[in-house]
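Below are the chains, spelled out letter by letter.
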Amino acid sequence: MSQNQISISLPDGAVRQVPYGTTPFEIAHSISPRLAAASVVARITPVGAASHALTDNEDSPEAAMYSAVSASAPRLVDLSTPLSEDAKLELITEKDPEALKVVRHSAAHVMATAVLELYPETKLGHGPATDSGFFYDFYREKPFTPEDLTAIEAKMAEVIARDEKFERIHEPREQALAEFEKDGDFMKTHFVTKFTEPGSEVSFYKNGHFTDFCRGPHVPSTARVKAVKVTNLAGAYWLGDEKNPQLQRIYGTAFFSKKDLDEHFARLEEAARRDHRLLGKQLDLFSIQELAGPGLIFWHPKGAIIRKIMEDWMRDECLRRGYQLVYTPHVMRAGLWEVSGHTGVYAKNMFTPMELDDSEYRLKPMNCPGHILIYKDSPKSYRDLPARYAEFGNVYRYERSGTMQGLLRVRGFTQDDAHIFCTPGQVESEVAACIDFAEAVLKTFGFNEFKIELSSWDPNDRAHYLGGDDNWNLAIGSLEKVLKEKGIAYKTIPGEAAFYGPKIDIKLVDALGRLWQLSTVQFDFNLPARFELEYVGEDGERHQPVMVHRALFGSVERFFGVLIEHYAGAFPLWLAPVQIGLVPIAERHAAYAEKLEAELKAAGFRVESDVRNEKMNAKIRDFANLKTPYILVFGDKEQEAGAVSVRTRGKGDQGSMPLADFIAKAKNLVATQSTEL
RNA sequence: GCCGACGUAGCUCAGCUGGUAGAGCAACUGAUUCGUAAUCAGUAGGUCACCGGUUCAAUUCCGGUCGUCGGCUCCA
């Protein structure tokens, strides 16, 4: 690198020689003033550096926010950063997705500025951008009220109108720490201590009179935060630990235009419209009863029929794939849960014991011990393996009172659970088969996008896991091997394993892009050892089998909830609780309605006939509101011709056709589990 | 469990600063017999989540309990 000149290469391949200390803004301006105005930040990649792409940071988000990145990696910098080395430069404009995170982070600073102006006694936590906006954590004796939020938003508008420059400044670490300590800024003290090295300079951002410990980058000035909204207020534990004091977390979101902001809220409304709790009530699918208790699901007839179809499909598919069906009790002696290890590491998730005669019983939180007892009931040879036991098992887990959420988080649920007992040599093919099965399930039910995670243990937290290093490393290794051999992209998440072994979790993306954990395939070497499971091998010796736990719907309740939202309640024909609504035009067509109903039912359809003394339009409307796939309307003409007039959901009146033709078409759609109508 | 908000007819919601409640839809009854998203009229329906307190008087104010919602934590 020369002393006075550095060379900056641009995305179009042009290379510019500029004086040392030139800023990205100056370069942008020299290209075009318009570009300079549209730019938000710059990405620089020092030349000569290994050019590895930015990856998901494995550090904590906080660390990612504050710590210095390696000098060779591409990084986002302020437009006002003086460039000091040869580098590739990209100007990030408002159109680039990275820019959104930057403006949201800047919006968090604007919010903190407003909060301190209004409530100077407040202590600052941290304020990162999130996927959908940003938040800032504050500590204050008196909680904020919704009125405070309104005031904060108004004050933010002032801060933005003042058009304060975001300036990066540096200060010796020890001086910064001393100031924070003097002011009682315990959270900032923590962050500086944790994320910076002794003796270093730490970075701050200043806008107007507000200064915050921050790594940046930021938009050039507060006026660039053009569309911002404070959304809600929630508690959050300091450092995520419930033993710590609770902070006030204020959420908001920001965009570069009012239009984008409005679209964001329109999307949220769309999500709210699809909320399974709302649709569950509107479509009369399920309920939760206060008298019975929270987190316990009542499946109403219309929901129960969908569940029946799901279960039938799954049981048939299990049998096709070499599983055997079993049933096990809901309560079992406490001793069983001692052997399994549940009372040791899982007790806090279990319902409290009940006394019966002279022993203690426990409601089951998992199905595995039951299946193990079936396995153990008779001697097994290698010829019996793999033994695949499947059950729709109702399990009960204690969830803390604030955590329940409709069907998605409950205290009693049904797992489509199976346990595969196999030889160590069979594990990998069994796991691979489970993954294939899981993909088949998701595709059948209409989900085409999903993500796979390998949930591994946290070796620093052994108290939460059974078994030692060797077994864990072996198990994790074999799961990885299967994923790699199948060419499946996955992400490893430490600390997410079950207490008895690592697992492959399949998270699926619903229609609104939200991620839900459903299917899980888990490796277990612990329970076979605890229950002293055996099989006699080809060599005549006794061996210990390994177990694969797997649930593909995961929880039938949760899967159903996601399914409702995925289809916004408009289920495909094969799943729809009422597939066909019959609408006789006048009372004199009631007999024809009966005849149609009988024929359609005989053909295997779920049919409802509306013979109320109502106008045809009212009947159509009612069926349409229930998202009935087909509404068959008929009067004199159809009656005479043995036909029906077909009204298809989403398409409207399709005209008249012979009943037999309609039946043939609909039967085919059901048989193929089609999502089309 | 914690922080904040909320809880009025089956559903969606009104009900100003305390004087024991109202609408629309749904339900029921009657009239109407109708060609692709709401026919008209009438009737009935609520210990204002529950318990306690303040008050002459509480749906309204206060406290507690239960539940719901948004987060935190946790999790299928």
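Residues numbered from 1 in each chain as written. Chains lettered and ligands numbered in written order. Predicted model: local features only at pLDDT ≥ 70, side-chain atom pairs only at ≥ 80, totals over all residues. Heavy atoms only, no water.

Attention now moves to the protein's contact with RNA strand B. Lining the immediate surroundings of RNA strand B are 56 residues, of which Gln 246, Arg 409, Gln 517, Asn 613 and Ser 645 lie closest. Side-chain polar atom of Lys 503 to a phosphate oxygen of RNA strand B: 3.5 Å apart, as the coordinates give it. Looking at the surface near RNA strand B, the elements with two or more residues in it are β11 (227-237), β12 (246-255), α9 (276-282), β24 (515-524), α19 (616-625), α20 (636-641) and β31 (643-648). If one sorts the elements of the surface near RNA strand B by residue count, α19 sits on top with 7 residues. A breakdown of the residues in the surface near RNA strand B according to their chemical character gives 19 nonpolar, 15 polar and 22 charged. (Near = heavy atom within 4 Å. Polar contact = N/O pair within 3.5 Å; in protein donor to acceptor, adjacent residues only side chain to side chain. Helix = DSSP H or I, 4+ residues; strand = E, 2+ residues; numbered from the N terminus. Nonpolar A, V, L, I, M, F, W, Y, C, P; charged D, E, K, R; others polar.)

Scanning the model with the defined rule gives 32 aromatic pairs in all. Aromatic pair Trp 457 and Trp 472: ring centres 4.8 Å apart, planes at 5°, arrangement stacked. Here Trp 457 is found in the loop between β21 (450-456) and α15 (469-485), whereas its partner Trp 472 is found in helix α15, with 15 residues between them in sequence. Overall, the relative accessible area of 5% leaves Trp 457 in the buried class. One Lys or Arg, Arg 104, reaches over the ring of Phe 255 and ends 4.6 Å from the middle of that ring. Sitting over the ring of Phe 437, Arg 321 keeps its end group 4.3 Å from the ring centre. (Phe/Tyr/Trp six-rings, centres within 6.5 Å; stacked < 30°, edge-to-face > 60°. Buried < 20%, exposed > 50% of the residue type's maximum accessible area, 1.4 Å probe, protein only. Lys NZ or Arg CZ within 6 Å of the ring centre and 35° of its normal.)

All right, on to the pattern of salt bridges then. Summed over all chains, the structure comprises 42 salt bridges. The salt bridge partner of Lys 364 is Glu 391, with a shortest N-O separation of 3.6 Å. Remark: Glu 391 occurs in strand β19 (residues 387-396) and Lys 364 occurs in the loop between β18 (359-363) and α13 (368-376); sequence separation between them is 27 residues. Of the residues examined, Lys 364 reaches a relative accessible area of 0% and is grouped as buried. One connected set of salt bridges, linked through shared partners, spans Arg 307, Glu 311, Arg 315 and Glu 557. (Salt bridge = Lys/Arg side-chain N within 4 Å of Asp/Glu carboxyl O.)

This part takes up the side chain of Glu 317. The topology assignment puts Glu 317 in helix α10 (residues 301-320). Within the local environment of Glu 317, its side chain forms a polar contact with the side chain of Arg 320, the two groups lying 2.8 Å apart.

On to the environment of Tyr 251. The topology assignment puts Tyr 251 in strand β12. Separated by 20 residues in sequence, Tyr 251 and Thr 231 place their C-alpha atoms 5.5 Å apart. Residues in contact with Tyr 251, not counting those within four places in the same chain, are Phe 134, Phe 135, Val 230, Thr 231, Asn 232 and Ala 234. (Contact = heavy atoms within 4.5 Å.)

Reading across the sheet, the 5 strands line up as β29-β28-β30-β31-β32 and stay open at both edges, with mixed pairing between neighbours. Each end of this open sheet is capped by a strand with a single partner; those strands are β29 (607-609) and β32 (652-658). Taking the axes of each pair of neighbouring strands and ignoring which way they run, one obtains an average angle of 25° across the sheet. Of the pairings in the sheet, the one linking β31 to β32 comprises 5 bridges and is antiparallel in character. Note that in β32 the partner of Ala 643 across the bridge is Pro 658. Contacts between α19 and the sheet are confined to β28 (580-584), β29, β30 (630-634) and β31, with β28 contributing the most and set at about 170° to the helix. (Pairing = 2+ DSSP bridges. Axes fitted to C-alpha atoms, helices over the stretch in contact; angles between N-to-C directions.)

The next thing to look at is the packing of helix α4 (residues 97-118) against helix α5 (residues 146-161). A pair of packed helices is captured by two measures, namely the crossing angle of their axes and the spacing between those axes. α5 packs onto α4 with a crossing angle of 115° between their chain directions and a minimal axis gap of 8 Å. The orientation of α4 relative to α5 falls into the category roughly perpendicular. For the pair α4 and α5, the sense of crossing is right-handed. On the side of α4, the interface is formed by Ala 107, Val 110, Met 111, Thr 113, Ala 114, Val 115, Glu 117 and Leu 118, while α5 contributes Ala 151, Ile 152, Lys 155, Met 156, Val 159 and Ile 160. Looking at side-chain class alone, the contact of α4 with α5 contains 11 nonpolar, 1 polar and 2 charged residues. (Parallel < 35°, antiparallel > 145°, perpendicular 65-115°, else oblique. Left-handed = near helix turned anticlockwise from the far one by under 90°.)

For a regular strand, the rule is simple: side chains alternate between the two faces of the sheet. Within strand β27 (residues 546-555), 10 of the 10 residues are buried, leaving the element largely enclosed by the surrounding structure. Pairing between strand β20 (residues 412-422) and β27: 7 bridges, direction antiparallel. What sits directly across from Phe 421, in β27, is Met 547. Sheet topology note: the β24/β27 ladder contains 5 bridges and is antiparallel. Residue pairing for β27: Gln 522 is matched across the bridge by His 549.

On to the confidence of the model for chain A. Here chain A shows a mean pLDDT of 90. Residues at 70 or above account for 95%. Taken together, the stretch residues 49-69 has pLDDT below 50 and engages in 29 contacts with residues farther than four places along the chain or on a different chain. (pLDDT = per-residue confidence, 0-100.)

All right, on to unusual backbone geometry then. Between Gly 216 and the following residue, Pro 217, the backbone shows a cis peptide bond with an omega angle of -5°. In this structure, the amide linkage connecting Leu 385 to the following residue, Pro 386, adopts the cis form with an omega of -5°. As for its position among the elements, Pro 386 is in the loop between α13 and β19. Here the phi dihedral of Asp 163 falls at roughly 50°; this positive angle occurs in a residue that is not glycine. Looking at the secondary structure, you find Asp 163 in the loop between α5 and β8 (167-172). With a phi angle near 60°, Leu 239 is a residue other than glycine that sits in the positive phi range. Tracing the backbone shows Leu 239 in the loop between β11 and β12.

Take the nonpolar core next. With 69 residues, the main nonpolar core has Phe 445, Phe 559 and Phe 571 as its most contacted residues. Broken down by element, the residue count for this core peaks at 9 residues, all from helix α14 (residues 427-444). Beyond its immediate stretch of four places on either side in the chain, Phe 559 contacts Met 310, Val 441, Leu 442, Phe 445, Phe 447, Leu 518 and Phe 553. Counting 35 residues, the second largest nonpolar core, distinct from the first, contains Ala 114, Ile 160, Tyr 205 and Phe 210. (Core = buried A, V, L, I, M, F, W, Y, C linked by side-chain atoms within 4.5 Å.)

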